[in-house]
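A structural walkthrough
Residue strings, one per chain:
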Amino acid sequence: MLEQKINEVFGDQEPTGFGSGWWSGVLSAFFGVLAFGAVVCLHFPQLLTSPELRPYYPMPVIRLLIQALIVGAILFGVVSGMLRRKKVLGLTGMGFALAATLLGGASVPINDTLTEGPAIGLDWFLLDMLLMTLIFSPIEVIWPAYPKQSVFRNEWLTDIVYFLSTHLPIQITSFLILLPATQLTKYLAIPGLVDAVGRLPWLVQFFLAVLVADLSEYAIHRAFHTVPFLWRFHAIHHSSPALDWIAGSRSHLVDDVLVRGGMLIPMMFIFPRDMIVAYLFFVTIHATWTHCNFGPTVKWLEPYLILPRYHHWHHTSQKEAIDKNFAIHFPWIDKLFGTHYLPEDGKWPDTYGLHNEKMPAGFWRQTLYPFVR
Ligand SMILES: [Zn+2]
Ligand SMILES: [Zn+2]
């Protein structure tokens, strides 16, 4: 398997703490790959970049960012090379940075006039990957719930492929397709109701939007657990052997589309479009965060807002919490419907994944899994 190969080539037995050259090596490789991908985007913008995003790029800033990534990859590569016996991580980062530079670096001009039309959307994948990593990886490294869990834990590559799959052409699940989808508000909105809701204070509107979304999500999510045909799709989300921010991306396309659609359509009857967009931002961040390997908990907040420990119990394979905690924002929705489970003592689950069920490995086999069983 590819993941095993990667672990063999890049891994070693040395410690991975700060000062061991491990983090500088990882950062060098990460920055190098991002810079290389970005320069390739500059060369083939028509094919690779999303038409929806092009008008919003402040190109001088983007070029500066690419430059910074190249410099970062080289500097971290040098540091890692000095600190660590196995040089391959740092060399990989420097190799990609060098390739990006040889291809013209940040100053590659964009000559053709770009037109709308199908594109792969590599730009969105790279940008979102960088942003999400910047937000979530530091908190997982500094305050982990499971300190022994590596960033490159078992099946991490599968989850990266899931992340990739929701960012490339069939962007049905990605945020960007949801934005045009909110255009539907024109047809679905109940005018009197939308106007009345629109006059409420912003915070009240937002709270109501999250509440309506979570109630719909609760119903759909519970159906995914109880209807055997639907469970086949949702089992994939539950098959990650460990949780971190990237594990949250593991989800079957059918699961994503039904959940997102089932949440958005009721919202479109009630809320103005900008409130739905605000909610989409919120759910992206909140849902990703609740999958994080992030230990700190605010005791008094736990009954009101879902924190990572709560959603982790939804993912456990331990019998006591199976089919519990369906809500994704408000834990009291589960209390209301009798599906709440959260040990008082601050305990986290011991095991994750499927209970009594085997899932094939890898993105493609999992995508086919619901249909071939
Ligand atoms: Zn579930
Ligand atoms: Zn989850």
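Structural data are supplied above this passage.
Now for a description of the structure that goes with this document. (Residues numbered from 1 in each chain as written. Chains lettered and ligands numbered in written order. Predicted model: local features only at pLDDT ≥ 70, side-chain atom pairs only at ≥ 80, totals over all residues. Heavy atoms only, no water.)

Another point: the side chain of Arg153. For Arg153, the location among the structural elements is in the loop between α6 (122-142) and α7 (156-165). A polar contact is formed between the side chain of Arg153 and the side chain of Asp159, at a distance of 2.9 Å. (Helix = DSSP H or I, 4+ residues; strand = E, 2+ residues; numbered from the N terminus. Polar contact = N/O pair within 3.5 Å; in protein donor to acceptor, adjacent residues only side chain to side chain.)

This part covers the environment of Leu127. Considering the arrangement of structural elements, one finds Leu127 in helix α6. Among the residues examined, Leu127 registers a relative accessible area of 25% and is labelled partly exposed. Here the alpha-carbon distance between Leu127 and Glu344, two residues 217 residues apart in the chain, equals 39 Å. (Buried < 20%, exposed > 50% of the residue type's maximum accessible area, 1.4 Å probe, protein only.)

Turning next to the coordination of the zinc ion (ligand 1). Protein-derived ligands of the zinc ion (ligand 1) are His221 (NE2), His225 (NE2), His234 (NE2), His238 (NE2) and His314 (NE2), with the metal-ligand distances lying across 2.1 to 2.2 Å. Mapping the donors of the zinc ion (ligand 1) onto the primary sequence yields the spacing H-x3-H-x8-H-x3-H-x75-H. Taken as a pair, His221 and His225 lie in helix α11 (residues 202-226) at a separation of 4 residues, close to a single helical turn. Each member of the pair, His221 as well as His225, is classed as buried. (Donors = N, O, S within 2.8 Å, 3.2 Å for Na, K, Ca; no water.)

Take the environment of His286 next. Tracing the chain through its elements places His286 in helix α14 (residues 273-290). Accessibility expressed as a relative area gives 5% for His286, which makes it buried. Along the primary structure His286 and Ile306 are separated by 20 residues, whereas in three dimensions their C-alpha atoms are 8.7 Å apart. In this structure His286 touches Leu305, Ile306, Ile328 and His329, once residues within four positions along its chain are discounted. (Contact = heavy atoms within 4.5 Å.)

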